[in-house]
Amino acid sequence: MSVHTRSKPTTGYFGRALEYVGDLWQRREFALALGLGNLKARNASTSLGLFWWVLNPLLLGGVYFLVFGILFGDRRPEGFLVYLLSGIFAFHFTGQSMTGGANSIIQNARLLANLRFPRLLLPISTLIEATVGFAVSLGVFFVIAAFYGHADFTYRIAYLPAIMAIQVVFNLGLSAITARLAVPFRDINNLLPYVNRIWLYTTPIIWPLSFLNDMDSRIETIIRLNPMFSIVGLYRSALLGGPFHMEHLIGAVAWATAIGVIGVAAFVKYEGRMVRYL
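Fair warning: this is a prediction, and the values are worked out from it, not measured in the lab. (Residues numbered from 1 in each chain as written. Predicted model: local features only at pLDDT ≥ 70, side-chain atom pairs only at ≥ 80, totals over all residues. Heavy atoms only, no water.)

Student: Before we go on, may I ask you to explain the overall build of the chain in this structure?
Tutor: Tallying secondary structure elements over the chain gives eleven helices and zero strands in all. When the helices and strands of the chain are placed in sequence order, the string is α-α-α-α-α-α-α-α-α-α-α. For the chain, long-range pairs separated by at least 24 residues make up 78% of all intrachain contacts whose partners lie at least 6 apart in sequence. In the form shown here, the chain has an accessible surface area of approximately 14800 Å², with 65% of it arising from carbon and sulfur atoms. (Helix = DSSP H or I, 4+ residues; strand = E, 2+ residues; numbered from the N terminus. Contact = heavy atoms within 4.5 Å. Areas by Shrake-Rupley, 256 points an atom, 1.4 Å probe, with all protein chains shown as cover.)

Now the structure itself:
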C-alpha cells in the first residue's frame, strides 16, 4: 500500500476532516475489494452462494406470512406477502450493516496491527457487502411482486436510489457505532440479535399499520419516532405505490444525518486507540 506524504499538515477540525475523507477516497478500492471479497468468501462453501443473503430474509418472511397471515385474518393488508417482504428486506439491510460493523474490527485485528489506514474503511467494507446483497434482494422482490401482482410500480420507483442513499448513510452510522463499541465491549455481538428482534417487532413490518389505531397514543408516538418506521414507509411508497408521507422523508433524513454524523465522529475519535484493545 502506498504511503502519501504532505508538505504542510492540515490543521483545524475541518481541515483534519477533509484530510481524513481524502484518505478514505484514496483507498476506496481497498474497501471495495475487501467488501466484495468478504461477500464472495462468506458464500463460497454453499451451493446457493450469494442467494443466501436473499434466502435468509425470504424464509423468515415466509414463516411470518404463514403465522401472522393467519392470525391477522381480515386485518392483514392486501397482498400481505409483498407488504411483508418490502419491509423485511429493508430491515435486513440495516441489521446486516449493524452486525457487520460490530465484527469488522475484531475479525480484522491482524490487518489493523500491521497496516496503517483509516479504520473507518472496515465498517464501510461491510456496508458495501450489505448494499450488494440488498440490491440483489430488490431484484428478487420485483420478481415476486410481479408474479403476485400486488405491487403498483409507479413513477415513485424512481425514488429508490435516493431512499437507498438515505438508508446507506443511516447504516454507516450504525455500523460505525457498533464497530466502536465492539472493541472494548465484546459482548455486544451477543446482544445485537436481541436488539434486532425487538426492533423488528416494533416496526410495522410484520403487523399492518391499522394496528396503530388501537394503540395508546404514547406507544404510537414511540413507534413513529422509530427510524425504521420512516425508512420502511419510504420504501413502501416507492415499491407498493402507497401514499407518500412527508413525515417519513423528514424522519428518515433527520435520523440518517444524526446517526451518520454521531457514529462516524465517535468512531474516528476512538480509532487511534483500537489496536491496544485487540
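Student: What's the story with the pattern of salt bridges in this structure? I'm lost.
Tutor: Opposite charge on two side chains permits pairing when their charged atoms draw close. Scanning the entire structure with this criterion turns up three salt bridges. For E220, the salt bridge identified is with R224, shortest N-O distance 3.0 Å. You can see E220 and its partner R224 sitting in helix α9 (residues 217-225), four residues apart, about one turn around the helix. Relative accessible area serves as the criterion here: at 23%, E220 is assigned to the partly exposed category. For R224, a relative accessible area of 32% gives the class partly exposed. (Salt bridge = Lys/Arg side-chain N within 4 Å of Asp/Glu carboxyl O. Buried < 20%, exposed > 50% of the residue type's maximum accessible area, 1.4 Å probe, protein only.)

Student: In this structure, what is going on with the nonpolar core? I would like to understand it.
Tutor: Side chains of nonpolar character tend, in soluble globular proteins, to be buried together. Of all hydrophobic cores here, the largest spans 48 residues; its most connected members are F141, F170 and Y235. Broken down by secondary-structure element, the contributors of at least two residues to this core are α3 (51-72), α4 (80-107), α6 (121-148), α7 (160-182), α8 (188-201), α10 (227-239) and α11 (246-270). When residues in this core are grouped by element, the largest group, 13 residues, is from α4. Residues in contact with F141, not counting those within four places in the same chain, are V82, L85, S86, F89, L239 and L240. (Core = buried A, V, L, I, M, F, W, Y, C linked by side-chain atoms within 4.5 Å.)

Student: How should a nonpolar patch on the surface be read in this particular structure?
Tutor: A cluster of nonpolar residues, V63, L66 and V67, forms a patch on the protein surface that exposes about 270 Å² of accessible area. Residue placement: V63 occurs in helix α3. Owing to a relative accessible area of 47%, V63 belongs among the partly exposed residues under this scheme. (Patch = residues over 30% accessible without salt bridge, like charges linked within 9 Å, V, L, I, M, F, W, Y side chains within 5 Å.)

Student: Is there a simple way to explain the packing of α6 against α7 in this structure?
Tutor: Each pair of packed helices can be described by the angle between their axes along with the distance between the axes. α7 packs onto α6 with a crossing angle of 140° between their chain directions and a minimal axis gap of 10 Å. For the pair α6 and α7, the crossing hand works out as right-handed. Each of P123, I124, T126, L127, T131, F134, L138 and F142 in α6 lies in contact with α7, whose residues at this interface are L160, M164, Q167, V168, N171, L172, S175, A176 and A179. Here the residues of the contact of α6 with α7 are counted per class, giving twelve nonpolar, five polar and no charged. (Axes fitted to C-alpha atoms, helices over the stretch in contact; angles between N-to-C directions. Left-handed = near helix turned anticlockwise from the far one by under 90°. Nonpolar A, V, L, I, M, F, W, Y, C, P; charged D, E, K, R; others polar.)

Student: Got a minute to help me understand α11 in this structure?
Tutor: Each full turn of the α-helix corresponds to 3.6 residues, which orients residues three or four apart in the same direction. The terminal C-alpha atoms of α11 lie 36 Å apart, and with 25 residues this matches the ideal 36 Å at 1.5 Å per residue to within 8%. Listed as buried for α11 are H248, G251, A252, A256, I259, G260, G263, F267 and Y270. Residues of α11 that are buried sit in contact with α4, α6, α7 and α10. (Expected span 1.5 Å × (residues − 1).)

Student: Sorry, what's going on with the side chain of T94 here?
Tutor: By secondary structure assignment, the location of T94 is in helix α4. A distance of 2.9 Å separates the side chain of T94 from the side chain of Q167, its partner in a polar contact. Non-local contacts of T94, meaning those with residues more than four positions away in its chain, are made with Q167, F170, N171, L174, W199 and M228. (Polar contact = N/O pair within 3.5 Å; in protein donor to acceptor, adjacent residues only side chain to side chain.)

Student: I would appreciate a short explanation of the packing of α4 against α10 in the present structure.
Tutor: Interaxial distance between α4 and α10 falls to 10 Å at its minimum, and their mutual angle equals 130°. Looking at the two axes, α4 sits oblique to α10. Judged by the twist between their axes, the crossing of α4 over α10 is right-handed. Counted together, Y83, L84, S86, G87, A90, F91 and T94 of α4 and M228, V232, Y235, R236 and L239 of α10 form the full contact between these two elements. Each residue belonging to the contact of α4 with α10 can be placed in one class, and the counts come to eight nonpolar, three polar and one charged. (Parallel < 35°, antiparallel > 145°, perpendicular 65-115°, else oblique.)

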